[in-house]
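Fold and geometry: a report
Each chain, written out:
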Amino acid sequence: MNRPTSALPSWAKAAVITAEGDHFSAGLDFDEMSERNAFEGVHHSRMWHAAFAKL
């Protein structure tokens, strides 16, 4: 099994994201966002932007 790394090779042009199990979502869960105030929502969004920027 491959282990995730934050140091991708310079020749990499794409990333493949996989998941397993009963739950996977590639979109925004509006119900989840309604549980946060505006500050928390922006913080949560920026967290995901930072994670995907590493890809």
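Just above sits the structure.
The structure displayed is predicted, hence computed values, not measured ones. (Residues numbered from 1 in each chain as written. Predicted model: local features only at pLDDT ≥ 70, side-chain atom pairs only at ≥ 80, totals over all residues. Heavy atoms only, no water.)

**A word on the overall build of the protein chain**
- Secondary structure summary: the protein chain contains two helices and zero strands in total.
- Scored against the burial criterion, the 55 residues of the protein chain give a buried share of 4%.
- Element-wise, carbon and sulfur atoms account for 57% of the exposed surface of the protein chain, whose accessible area totals about 5,700 Å². (Helix = DSSP H or I, 4+ residues; strand = E, 2+ residues; numbered from the N terminus. Buried < 20%, exposed > 50% of the residue type's maximum accessible area, 1.4 Å probe, protein only. Areas by Shrake-Rupley, 256 points an atom, 1.4 Å probe, with all protein chains shown as cover.)

**Regarding helix 2 (residues 38-53)**
- Along its 16 residues, helix 2 runs 22 Å from first to last C-alpha, staying within 8% of the 22 Å computed at 1.5 Å per residue.
- Residue asparagine 37 occupies the N-cap position of helix 2, its side-chain oxygen lying 3.0 Å from the main-chain nitrogen of phenylalanine 39. (Expected span 1.5 Å × (residues − 1). Polar contact = N/O pair within 3.5 Å; in protein donor to acceptor, adjacent residues only side chain to side chain.)

**Topic: the side chain of histidine 44**
- As for its position among the elements, histidine 44 is in helix 2.
- Excluding residues that lie within four positions of it along the chain, histidine 44 makes contacts with Glu32, Met33 and Arg36. (Contact = heavy atoms within 4.5 Å.)

**Considering the environment of leucine 8**
- Inspection of the secondary structure assignment puts leucine 8 in the segment before helix 1 (30-33).
- It is 8.7 Å that separates the C-alpha atoms of leucine 8 and lysine 54, two residues lying 46 residues apart in sequence.
- Once residues lying within four places of it in the same chain are set aside, the contact partners of leucine 8 are Lys54 and Leu55.

**Examining the environment of alanine 15**
- Mapped onto the elements of the fold, alanine 15 is located in the segment before helix 1.
- Residue alanine 15 is classed as partly exposed on the basis of its relative accessible area of 47%.
- C-alpha of alanine 15 to C-alpha of leucine 55: the two residues are 40 residues apart in sequence and 6.7 Å apart in space.

In short, geometric facts, not functional conclusions.
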